[in-house]
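Single-letter residue listing:
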Amino acid sequence: MKVDIYTDGAARGNPDGPGGYGTIIHYTDATGKLHEREYSAGYKKTTNNRMELLAAITGLEALTKPCDVDLYSDSKYLTDAFNQKWLESWMKNNWRKSNKEAVKNIDLWKRLLKAMEPHNVSFIWVKGHNGHAMNERCDYLATSAADQNELLDDIILENN
């Protein structure tokens, strides 16, 4: 099945947050019927980059069977990690950048890689705040989640 996932993350007062993410899954079933699902959550303390990663993870983890996925994001951090092969280099160098600095958000990068395993995923960059309807909807979901009263604690799976 072919699925489009649109994502955005936002942090108010980056790098301390609060923040939120928005994810929209969009696909057409075998009968030609369009389906969309929206996801969002807000976190007490976070960064834009963590929210971008959680948006992508949420979309991929919601898929119940292997799919061909086009994942659209306005985050160069996310899209370039795959399209410019940064992630491949980081893993090869024990999660270190070329300047030997440790990669941030390793816990979420690993979770994203696991969520991608059953799927064929392409990462597509879209310019944010440029009138792209789905990106604008995701931004609204993300900022609304960041502004809610009952925010979640950040999810930390691993620190290395």
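Everything numeric here is computed off the predicted structure, so don't read it as measured data. (Residues numbered from 1 in each chain as written. Predicted model: local features only at pLDDT ≥ 70, side-chain atom pairs only at ≥ 80, totals over all residues. Heavy atoms only, no water.)

S.K.: With reference to specific residues and values, describe the packing of aromatic side chains.
M.R.: When we look at a pair of aromatic rings, we describe it by the centre distance and by the angle of the planes. Tallying each qualifying case throughout the model produces 7 aromatic pairs. Each ring, one from Trp86 and one from Trp90, has its centre 6.3 Å from the other, and the planes form 40°; the classification is tilted. Here Trp90 and Trp86 lie together in helix H3 (residues 86–92), a separation of 4 residues that amounts to about one turn. Classification of Trp90 as buried rests on a relative accessible area of 8%. Ring geometry for Trp90 versus Trp109: centroids 5.5 Å apart, planes at 70°, classification edge-to-face. Here Trp90, found in helix H3, pairs with Trp109, found in helix H4 (residues 106–116); they are 19 residues apart in sequence, far enough to count as distant. We classify Trp109 as buried; its relative accessible area is 0%. Here the aromatic residues Tyr77, Phe82, Trp86, Trp90, Trp109 and Phe123 are joined through ring pairs into a cluster of three or more. Positioned above the aromatic ring of Trp125 is the side chain of Lys76, whose terminal nitrogen or guanidinium carbon lies 4.6 Å from the ring centre. (Phe/Tyr/Trp six-rings, centres within 6.5 Å; stacked < 30°, edge-to-face > 60°. Helix = DSSP H or I, 4+ residues; strand = E, 2+ residues; numbered from the N terminus. Buried < 20%, exposed > 50% of the residue type's maximum accessible area, 1.4 Å probe, protein only. Lys NZ or Arg CZ within 6 Å of the ring centre and 35° of its normal.)

S.K.: Lay out helix H5 (residues 133–146) with the relevant residues and their values.
M.R.: The first and last C-alpha atoms of H5 sit 20 Å apart over 14 residues, in line with the 20 Å expected at 1.5 Å per residue. Those residues of H5 hidden inside the fold are in contact with strand S1 (2–11), strand S2 (19–28) and strand S3 (34–43). (Expected span 1.5 Å × (residues − 1). Contact = heavy atoms within 4.5 Å.)

S.K.: I'd love a proper account of the pairing of S1, names of residues and values included.
M.R.: Where burial is concerned, most of S1 is hidden: 9 out of the 10 residues are buried. Looking at chain direction, S1 and strand S4 (residues 68–73) are connected through 6 bridges and run parallel. Note on S4: the bridge partner recorded for Lys2 is Asp68. Pairing of S1 with S2 involves 9 bridges; the strand directions are antiparallel. (Pairing = 2+ DSSP bridges.)

S.K.: Please give an account of the packing of helix H1 (residues 48–62) against H4 that cites residues and values.
M.R.: Between H1 and H4, whose axes approach to 9 Å, the crossing angle comes to 20°. Relative to H4, the element H1 is oriented roughly parallel. Here H1 runs over H4; the crossing is left-handed. Residues Arg50, Leu53, Leu54, Ala56, Ile57, Leu60 and Glu61 of H1 form the contact with H4, whose participating residues are Asp107, Leu108, Trp109, Arg111, Leu112, Ala115 and Met116. (Axes fitted to C-alpha atoms, helices over the stretch in contact; angles between N-to-C directions. Parallel < 35°, antiparallel > 145°, perpendicular 65-115°, else oblique. Left-handed = near helix turned anticlockwise from the far one by under 90°.)

S.K.: Explain the nonpolar core to me, and be specific about the residues and the numbers.
M.R.: Of all hydrophobic cores here, the largest spans 35 residues; its most connected members are Leu60, Val69, Leu71, Leu78, Phe82, Trp109 and Leu112. For this core, the leading source of residues is H1, giving 8 residues. For Leu60, the contacting residues outside a window of four places in its chain are Ile5, Val69, Leu71, Leu112, Ala115, Met116, His119 and Val121. (Core = buried A, V, L, I, M, F, W, Y, C linked by side-chain atoms within 4.5 Å.)

Nothing here speaks to function; it is all geometry.
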